[in-house]
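Coordinates in review
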Amino acid sequence: MKAKLVLEDGKTYQGEFIGREKEVLGEVVFNTGMNGYQELMTDPSYTNQIVVMTYPEIGNYGFNGEDVESKAPKVQALIVKELCTHPSNYRSLGGLEEYMDNHRIAGIKGVDTRSLTRYIRAKGSMRGRILPQWDPANREKGETENRTIKMENPVDSVTTKRSYALGEASGVPIAVMDFGIKKGILKELVKRGFRITVYPARTQAQEILSKRPGGILLSNGPGNPKDLVDVIPEMKKLIDSKTPIMGICLGHQLLNLAYGGDTIKLPFGHRGGNHPVKDLETGKVRITSQNHSYTVDAQKVPKNMKVTHINLNDGSVEGLCHQTDPVFSVQYHPEASPGPMDSQELFDQFYGMTEKSGVMGCL
Ligand SMILES: NC(=O)CC[C@H](N)C(=O)O
């Protein structure tokens, strides 16, 4: 069945439906990874987003149900140039399209994704609607309604409903704030032997601190960090307790806001497993996995915070540390799922902070 993508400014791209044939609305963003479609489709930070894959053929290794970041896909839809219909991999349980259909995820294939990506890069990420092509009523709706639709803050739809425990009973106890956490982060924490309690996003700081955790990890998550107005004061309380804190992506942005900094929206975000980041302390460049629309405003870095990492494509802030508190955070994904494992030692840095007291965020 023919399908089309109508962007909020009216620009239209044609293709063919894949997965579930249905009308879908979302923010259209692009991902530059050559692989990793299983992980990104199930990454809760992609909630409400229609993801365009810039790599021209997607689906080659099918779907295996293991390389997922949460139980079910979170993307609104997937747009590809070519969909591989004969996947081949020893772990594959079936094709990507079958997986999308089973989970009622829509998509379009046959789209000129190079042109679409260049368009978004020039105009900025924007909302779009996927529609069956022939339906004139829908077409009109798509072109007019897009402008007025407000997308709700999605953290509440992806955070855990109840707190739960993970890891070694004898390990250092840590609290994990789940704003839409990827399994890959939990896996890295479990590997290091922590005793982990994962909390829903809206848990009060007092409840967390009453358990006396040896460290706190603030997870990734979808949406605009500034929309989490009730959460930011709780982050302040966590900071004031002087418990060692590591922030990843949304967690990094929330820490920055809690300290009085600001966040801004990037024109088209960073998504993919190939983003170069420079460590300003050592001069080393690492290739990182990224997925974000917002970034710390470099002009308003909070007092006593230092920028530790920058993105080499656009110079934006990729990491922060605190000079007097045991707090550090990164905008990119050190758990690297999917992506290069260059930055996994950041979890060791966090472990070190929970083991010894008096270690500051800035080393
Ligand atoms: N992966 C993330 O945590 C993303 C953070 C935030 N939602 C952003 O887009 O910037």
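Calculation notes
- Residues numbered from 1 in each chain as written.
- Predicted model: local features only at pLDDT ≥ 70, side-chain atom pairs only at ≥ 80, totals over all residues.
- Near = placed C-beta within 6 Å.
- Helix = DSSP H or I, 4+ residues; strand = E, 2+ residues; numbered from the N terminus.
- Nonpolar A, V, L, I, M, F, W, Y, C, P; charged D, E, K, R; others polar.
- UniProt positions renumbered as here; feature names shortened; annotations may be inferred.
- Contact = placed C-beta atoms within 7 Å.
- Core = buried A, V, L, I, M, F, W, Y, C linked by C-beta atoms within 7 Å.
- Buried ≥ 20, exposed ≤ 12 C-beta atoms within 10 Å, placed from the backbone.
- Pairing = 2+ DSSP bridges.
- Axes fitted to C-alpha atoms, helices over the stretch in contact; angles between N-to-C directions.
- Domains from an automatic or database assignment.
- Arc of directions from axis to C-beta.

Regarding the site of the ligand
Around the ligand, the neighbouring residues are Ser45, Asn220, Gly221, Pro222, Gly223, Cys249, Leu250, Asn291, His292, Ser293 and Tyr294. Among the elements that take part in the shell around the ligand, strand β16 (residues 285-296) stands out by supplying 4 residues, more than any other. Across the shell around the ligand, the residue classes break down as 4 nonpolar, 7 polar and no charged.

What to know about the UniProt feature "binding site: L-glutamine" (unreviewed entry) in the protein
Here the UniProt-annotated "binding site: L-glutamine" (unreviewed entry) positions come out as Ser45, Gly221, Gly223, Leu250, Gln253, Asn291 and Tyr294. Judged by maximum C-alpha separation, these annotated positions cover 250 residues in sequence but sit close together in space, the widest gap being only 13.3 Å. As for its position among the elements, Leu250 is in helix α9 (residues 250-258). Looking at where Gln253 falls in the secondary structure, it is placed in helix α9. Once you skip the residues sitting within four places of it in the chain, Gln253 turns out to touch Pro225, Thr263, Tyr294 and Val296.

Digging into the nonpolar core
Ranked by internal contacts, the top residues of the largest apolar core, which has 50 residues, are Val176, Met177, Leu189, Ile216, Leu218, Leu254 and Leu255. If near-sequence neighbours (up to four positions away) are discounted, Leu255 is found in contact with Leu218, Met235, Ile245, Gly247, Val327 and Ser329. If you look at the next biggest cluster of nonpolar residues, it comprises 37 residues, including Tyr46, Val80, Ile105 and Ile108.

Describing the pairing of strand β1 (residues 2-7)
With 5 of 6 residues buried, β1 is to be regarded as a mostly interior element. Bridge count between β1 and strand β2 (residues 12-19): 5 bridges; the pairing is antiparallel. Of the residues in β2, the one forming a bridge with Ala3 is Gly15. Joining the antiparallel neighbours β1 and β2 is a turn of 4 residues, in which Gly10 adopts a positive phi near 100°.

A closer look at the sheet that holds β1
Spatially, 7 strands are ordered β1-β2-β8-β6-β4-β3-β9 in a closed barrel, and the strand pairing comes out mixed. When the angles between neighbouring strand axes are averaged without regard to direction, this sheet yields 35°. Running over the sheet, helix α3 (residues 113-123) touches β2, β3 (24-31), β4 (49-53), β6 (77-79) and β9 (126-132) and is turned about 125° from β4.

Quick look at the environment of Asp67
Among the structural elements, Asp67 can be located in the loop between β5 (57-58) and β6. In the structure, Asp67 is positioned 30 residues away from Tyr37 in sequence and 9.3 Å away in space, judged by C-alpha atoms.

What about the UniProt feature "domain: Carbamoyl-phosphate synthase small subunit N-terminal" (unreviewed entry) in the protein?
The feature "domain: Carbamoyl-phosphate synthase small subunit N-terminal" (unreviewed entry), as annotated in UniProt, sits at residues 1-131 in this numbering. In residues 1-131, helix accounts for 18% and strand for 34%; the two terminal C-alpha atoms are 11 Å from one another.

Overview of the pairing of β9
Within β9, 5 of the 7 residues are buried, which leaves the element mostly enclosed by the surrounding structure. Sheet topology places β1 next to β9; 5 bridges connect them, and they run antiparallel. Along β9, the bridge assignment pairs Leu5 with Ile130. Relative to β9, β3 is paired through 5 bridges, and the arrangement is antiparallel. By the bridge assignment for β9, Gly26 is matched with Gly128.

Looking at the domain arrangement of the protein
Along its sequence, the protein is carved into domain 1 (2-145) and domain 2 (155-355). One C-alpha centre belongs to domain 1, the other to domain 2; they are set 28 Å apart. In this complex, domain 1 contributes 22 residues to the contact, which on the side of domain 2 involves 23 residues. Of all elements in the fold, only β3 and α3 reach the threshold of two or more residues within the side of domain 1 that touches domain 2. With 3 residues, the single largest contributor to the side of domain 1 that touches domain 2 is β3. Of the residues that constitute the side of domain 1 that touches domain 2, the class distribution is 6 nonpolar, 11 polar and 5 charged.

Section: helix α10 (residues 345-355)
Structural remark: α-helix, 3.6 residues per turn; residues separated by three or four positions point the same way. Listed as buried for α10 are Leu346, Phe347, Phe350, Tyr351, Met353 and Thr354. What you see down the axis of α10 is that its buried residues fit within an arc of 160°, all on one side. Opposite the buried face of α10, by more than 90 degrees, sit the exposed residues Asp348 and Glu355. Buried-residue contacts for α10 involve β11 (173-178), α6 (183-191), β13 (215-218), β14 (245-248) and β19 (327-330).

What to know about unusual backbone geometry
For the peptide bond that leads from Ser337 to Pro338, omega is 0°, which places it in the cis range. Backbone geometry places Cys249, a non-glycine residue, at a positive phi of 55°.

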